[in-house]
Every structure is written in C-alpha cells, then in structure tokens.
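If you want the building blocks of each chain, they are given just below.
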Amino acid sequence: MTLAYIPSPSTGVIHLGPIPLRGYAFCIIIGVFVAVWLGNKRWIARGGKPGTVADIAVWAVPFGLVGGRLYHVITDYQLYFGEGRDWVDAFKIWEGGLGIWGAIALGAVGAWIGCRLRGIPLPAWADALAPGIAIAQAFGRWGNWFNQELYGRATDLPWALKISEGPNRVAGTYHPTFLYESLWCLGVAALVIWADRRFRLGHGRAFALYVAAYCLGRGWIEYMRVDEAHHIFGVRLNVWTAIVVFIAAVVYFVLSAKLRPGREEVVEPDTSGGPGDVAAADKPEAGEADAKADAKADAKPDLTKAAPADGKGAEGAAKADLTKAADGAANGADKS
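Conventions and cut-offs
Residues numbered from 1 in each chain as written. Predicted model: local features only at pLDDT ≥ 70, side-chain atom pairs only at ≥ 80, totals over all residues. Heavy atoms only, no water. Helix = DSSP H or I, 4+ residues; strand = E, 2+ residues; numbered from the N terminus. Buried < 20%, exposed > 50% of the residue type's maximum accessible area, 1.4 Å probe, protein only. Areas by Shrake-Rupley, 256 points an atom, 1.4 Å probe, with all protein chains shown as cover. Contact = heavy atoms within 4.5 Å. 1 Å grid on protein atoms, 1.4 Å probe; cavity = no way out; pocket = protein on both sides within 12 Å on 5 of 7 lines; lining within 4 Å. Points joined across faces, edges and corners; volume = space filled by probe spheres on them. Nonpolar A, V, L, I, M, F, W, Y, C, P; charged D, E, K, R; others polar. Phe/Tyr/Trp six-rings, centres within 6.5 Å; stacked < 30°, edge-to-face > 60°. Pairing = 2+ DSSP bridges. Core = buried A, V, L, I, M, F, W, Y, C linked by side-chain atoms within 4.5 Å. Polar contact = N/O pair within 3.5 Å; in protein donor to acceptor, adjacent residues only side chain to side chain. Expected span 1.5 Å × (residues − 1).

Right, let's talk about the overall build of the protein chain for a bit. In terms of regular secondary structure, the protein chain is built from twelve helices and six strands. Counting over 336 residues, the protein chain shows a buried share of 36%. A total accessible area of about 20000 Å² is found for the protein chain, and carbon and sulfur atoms account for 67% of it.

Okay, here's the thing in structure tokens:
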C-alpha cells in the first residue's frame, strides 16, 4: 500500500475559450525563455553584447525543435508508422516526444548559422548558454508529468508517481523519472556555473562539461524507464547514445584544454568605431580650436628677429643708442 505519492494531472490541456494551453508546450516555452535570459547575462559577463544570445536563439530553437522531433520519430517510428498507426501523429509535437540528442545536434546547426552571421565563435556562445540549456531541460521534463509519460518502474516509495489508466499505460505508482531528470539537470547547471567561475572554462569546454554531466545522469535514469524503446544487446538505445556522447564530450574537453587553454579574450567583434577612430575633420569643435591656436601663434612677435646678433637683447640696443647720443653732444660742444 502506498502511503504517499505524487499525483498526475487529470489533463494536460487547459482551455481558455477556444484557445488550448498545453502543459507540455508551456514547460518548453518557459525553459527556452529562462535559457536565453541566463545565457544573455553570461554572454555579457564574457564581454559580448546584449541581445546577441537571443538573436542566435532565433536560429537555434526552431532547428532544435525539428531535430528533437526527428530523433524521436526515427527512433520510435513504430509509434507512427506501425500497423494501425496514423503517420500524421508524427507532426503532433504538442502530444510529447522530443529527443534531446536530436535537439542539441540540429540546434547546434542553427546556432552555427546564427554565429556565422554575427561573426562570433560558436564554442564561446555555447559556453554561455550551457547552464541555461540544462535548466531548460529541467523545466521541459515537467511536460512529461502533464502527459503522464516516460515514468520508471513500479514502486511504493513516498515520492512515487501515480499514473492513471490510459492509452499505452497501466494505472499504478511508478518511479518519477521526469522528476529525477529535472533535479539532475538543475545540478548539472549548478556544476557548470561553478566550474566556469572556478576554472574560467573557454573554447566550448563549459558546454562539453554540461554534455558529459548530463549523459551521466541520463544513463541511469534511462535504465529505470519502462516505456517502449529499441534495445541493442539488451540495453536501451538512449543508454548507448548517452555513453557515446559522454565519451565524445570528455575527449573534446581534454583536447580543447591542451590545444586552446584559457578563455577567449574577445567573444564578439566590436563593429562600431571608437572615439579614436573619428577623424579631426569630422569634429568641428576640434577644427575651431586648431584654427584659434594657429591665429594666436601668428599674432605673437618674433623676438628672435628683434634681438641683436650678440645676444644682449634690448638692453644692449639701448646702451648703443645712448652712446651715439653722447658722442653727438660732445662733437657739438667742440664745434661751438
């Protein structure tokens, strides 16, 4: 007998008149806004410009949503193209079904396009956004709670998740794997922020740390799930994916630290001219000041021309004049 449990919503949709508000989509939207907000703050702290993260997210988010849906549909194709299935359901993203692996992969392509247009390095942008992505995943996992999906094995623990009877599910209490992954993602975000401040990670290493840490948690959480999935050698496909991506992230982290240590000095080029770049001709006040200075210089007498050659100055010239006057007076006295 289960003494306590986490209840599931009776419905994942709330209607405001004719407008349906779906919990799954709402969680994803909140996650995206939080990721962009935090990424913008971190980008500015690294020397970037406000708004750059959002501008590139305009490319990354749509690509990520398409990539996430493609991964889910491809790896769980039997849900949409099997016998008695309707392939149109593959486009109903609001009913759940996004693969983080495809979302990150194709989202990176969109981010690369946006970064190329802005002339900034993709690894630096990814480092700024890394903890925000983890937090976005933490919010997004609550969408699975609204849809009563992706839960774990049956359990009677006090924090068990109660699932009601429905299509492809049996009523009971199960491990809330959505909650486990949500909390894990928050821990990953905190780890990346701490390590980035402590070790000044750069050139994509903060993002690699996020990927590696997430894969560690996703591996054991995925192993607990009981929803239908493909298996390779008796192990769920997503577990194998987590192992491969984890190894790739660690290799990148190590090689990047050796080849490009430290952090980028400049993450975004300054395309606006600074004060020193403006010519004097473009500054009328500077031109007027120079003209006044030249006029004053022309008005000053040239003392070097007035001075005698022997360097005695005006005093010497005055003495010479007195001597001539005295001689003239003496001559006049002799003549009289």
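Still to come is the rest of the account.
This paragraph deals with the side chain of E181. By the element assignment, E181 lies in helix α7 (residues 177-199). Residues within four places of E181 in sequence aside, it is in contact with Q137, R141, Y214, R218 and I221.

Moving on, we get to empty space enclosed by the protein. Under the counting rule described, the total for this entry stands at one cavity of 30 Å³ or more. Put simply, the largest cavity is a space of about 40 Å³. Together, R141, N144, L150, T177, F178, E181, I221 and R225 line the largest cavity. Broken down by element, the lining of the largest cavity gets its largest block of residues, three residues, from α7. Here the lining of the largest cavity is composed, by residue class, of three nonpolar, two polar and three charged.

Our focus in this paragraph is unusual backbone geometry. In the Ramachandran plot, Q148 falls in the positive-phi region, its phi being about 50° despite a non-glycine side chain. Here Q148 lies in the loop between α6 (142-147) and β3 (161-163). Since its relative accessible area comes to 7%, Q148 is described here as buried. One non-glycine residue with positive phi stands out, namely R200, at about 50°. Take R200: it is sitting in the loop between α7 and α8 (205-224).

Before going further, it helps to spend a moment on the packing of aromatic side chains. The geometry of an aromatic ring pair is captured by two quantities: the separation of the ring centres and the angle between the planes. For the structure on display, the rule yields eleven aromatic pairs. Chaining the aromatic ring pairs together yields one cluster made of W101, F207, Y210 and Y214.

So, on to the pairing of strand β1 (residues 13-16). On any regular strand, side chains alternate: one points to one face of the sheet, the next to the other face. As paired elements, β1 and strand β2 (residues 19-22) share four bridges and run antiparallel to each other. In the sheet register, I14 faces β2, and the bridge partner there is L21. Between β1 and the antiparallel strand that follows it, β2, lie two residues; G17 among them carries a positive phi value of about 65°.

Here we come to the nonpolar core. In terms of nonpolar packing, the biggest core is built from 36 residues, with W43, W101, W125 and Y210 touching the most fellow members. Those elements giving two or more residues to this core turn out to be α1 (23-45), α2 (52-75), α4 (100-118), α5 (122-140), α7, α8 and α9 (237-259). Formed by eight residues, the second largest nonpolar core is a distinct cluster that contains I6, L161, I163 and Y174.

Let us now look at the side chain of T155. Counting through the fold element by element, T155 comes out in the loop between α6 and β3. Looking at T155, the relative accessible area reads 13%, which means it is buried. A distance of 3.2 Å separates the side chain of T155 from the backbone nitrogen of L157, its partner in a polar contact. When near neighbours in sequence (up to four residues on either side) are disregarded, T155 contacts A160, T173, Y174 and H175.

Count 3.6 residues to each turn of an α-helix, and residues three or four apart come out pointing the same way. In this model α8 runs 29 Å from its N-terminal to its C-terminal C-alpha over 20 residues, within 8% of the 28 Å that 1.5 Å per residue would give. Across the 20 residues that make up α8, a large majority, 15, are buried.

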